[in-house]
Amino acid sequence: MAREERRFKIGYALLPKKENSFIRESLVSMAESRGIDVVKIVRERPLVDQGPFDCVLHKLYGEDWKSQLEEFRSKNPNAVIIDSPNAIERLHNRISMLQVVSELKIENQSETFGIPKQIVIYDQETLFDNQAWELLKFPVIAKPLVADGSAKSHKMVLVFNHDGLNKLKPPIVLQEFVNHGGVIFKVYVVGEYVKCVKRKSLPDVSEEKLKSVEGSLPFSQVSNLATHEKSEDKYYKMMHLEDAELPPLSFMTDIARGLGRAMKLNLFNFDVIRDTRFGNRYLIIDINYFPGYAKMPGYESVFTDFFCDIVNRKEREVVVEKDLVEECSQEKMAGTDEKQVLSCEEEARKMVTNSYCSDGEEEKSVQV
């Protein structure tokens, strides 16, 4: 009688809105066909009492949830948590979020990347301090400092001159607006998978237009600047979004993998614009954790592959660790190993890598 193949269990903990958009029947069915059961974690019950899970996929915040994850991990050391709450929290601040971009080193002869000039304003006094503005010029984008995914964190304003500062409420980040042809590139990352798509963005602001407008405008009204026509559709048709050239995928992939390693995150996307002043200069303006992947064509197969990569690699890792423990124990019993600093289990765990790979593919780096 053939041995029944082991099934793996992925537990997910998401807010209702996220669950409705991400956990679709198409994803659950595809995962099931590959030996993976996608199971809901009941938020009203302690996480440690549920499962067992081979992996926990989550997008919940707060000290209580963080404590639950820590307790679960201590009692289930072989389970993978996607992703670490401490790593995710870095993206909740728009300054620390983009700092990692400035520290990234990517060797490329053709294209360059960076972030727009920006400053953080913590109080009204600094907001109207001209010295604080020495690095920036109008127009600027005013963004809430906190980027926690709430509706408030998405309220952004384009400010054309000092008069437009009056309605702003610190703490905020002021980011210099860069003309980019009305096109934004969204780069989705799932482990080592990288997908770049283009979307319509804010229209360019000419010097003439800057002289003729005052104050500020919410993002929802900025499209009216582009043309006397009040139709956003007409403006974007005139722009020929479909003609906009995507950035080189190899370049975006290098940046994506560099960011993933630096941030220790697996699930994120970042927004990129192409500076119209320099055709090969790209600016990263935002990074989001666990974005709306359901908008990405074929997301079901991408995530099923990702789940398989995680659990298969972890399964092999456990086997290797057991072999190392056994070998180490035999050596110590034979008296051939004089080092008694670490236990065999600790030594084995240190030797086993935290990277994962799928069958038949080159090794991939999944952050845990």
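Residues numbered from 1 in each chain as written. Predicted model: local features only at pLDDT ≥ 70, side-chain atom pairs only at ≥ 80, totals over all residues. Heavy atoms only, no water.

Mapping Ser153 onto the fold places it in the loop between β7 (140-144) and β8 (157-159). Here the side chain of Ser153 touches Ser150 through a polar contact of 2.7 Å, landing on its backbone oxygen. Each residue touching Ser153, except ones within four places of it in the same chain, is listed here: Arg94, Pro144, Val146, Ala147 and Asp148. (Helix = DSSP H or I, 4+ residues; strand = E, 2+ residues; numbered from the N terminus. Polar contact = N/O pair within 3.5 Å; in protein donor to acceptor, adjacent residues only side chain to side chain. Contact = heavy atoms within 4.5 Å.)

What follows covers helix α2 (residues 25-33). Taken together, the buried positions of α2 are Leu27, Val28 and Ala31. Looking down the long axis of α2, one finds its buried residues gathered within 95 degrees of arc, a one-sided arrangement. With respect to the buried face of α2, the exposed residues turned more than 90 degrees away are Glu25 and Ser33. Backbone geometry just downstream of α2 places Gly35 in the positive-phi region, at approximately 85 degrees. (Buried < 20%, exposed > 50% of the residue type's maximum accessible area, 1.4 Å probe, protein only. Arc of directions from axis to C-beta.)

With that out of the way, let us pick up unusual backbone geometry. Along the chain, Gly51 connects to Pro52 via a cis peptide bond; the corresponding omega equals 5 degrees. In this structure, Pro52 sits in the loop between β2 (36-40) and β3 (55-58). Looking along the chain, the bond that leaves Phe138 and enters Pro139 is cis, with omega of 0 degrees. Along the polypeptide, Pro139 turns up in the loop between α6 (124-127) and β7. Positive phi outside glycine occurs at Lys264, with the angle close to 60 degrees. Along the polypeptide, Lys264 turns up in the loop between α10 (249-263) and β13 (267-274).

With that out of the way, let us pick up the sheet that holds strand β11 (residues 193-200). What the five strands build is an open sheet, ordered β5-β14-β13-β10-β11; its pairing is mixed. Whereas interior strands pair on both sides, the edge strands pair on one side only; in this sheet they are β5 (112-114) and β11. Neighbour-to-neighbour, the strand axes of the sheet open up by a mean angle of 30 degrees, direction not taken into account. Relative to β13, strand β10 (residues 183-190) runs antiparallel, the two sharing six bridges. In the strand pairing of β13, Val190 is matched with Leu267. The sheet contacts of helix α5 (residues 94-103) involve β5 and β14 (281-289), and relative to β14 the element is tilted by about 130 degrees. Along the sheet face, α10 touches β5, β10, β11, β13 and β14 and points at about 135 degrees away from the line of β13. (Pairing = 2+ DSSP bridges. Axes fitted to C-alpha atoms, helices over the stretch in contact; angles between N-to-C directions.)

Residues Phe270 and Ile287 are the most contacted members of the largest nonpolar core, which totals 62 residues. Counting residues per element, this core draws most heavily on helix α11 (residues 299-334), at eight residues. If near-sequence neighbours (up to four positions away) are discounted, Ile287 is found in contact with Leu91, Met97, Leu98, Val100, Val101, Met263, Phe268, Asn269 and Phe270. Counting residues in hydrophobic clusters, the runner-up holds 14 residues, among them Leu127, Trp133, Phe138 and Leu174. (Core = buried A, V, L, I, M, F, W, Y, C linked by side-chain atoms within 4.5 Å.)

What follows is about the packing of aromatic side chains. Under the definition given, this model contains 16 aromatic pairs. Judged by centre distance (5.9 Å) and plane angle (55 degrees), the ring pair of Phe290 and Tyr293 falls under tilted. Assigned by exposure class, Phe290 and Tyr293 land together as buried. Each residue in the set Phe22, Tyr188, Tyr289, Phe290, Tyr293, Tyr299, Phe303, Phe306 and Phe307 is aromatic and connected to the rest through ring pairs, giving one cluster. (Phe/Tyr/Trp six-rings, centres within 6.5 Å; stacked < 30°, edge-to-face > 60°.)

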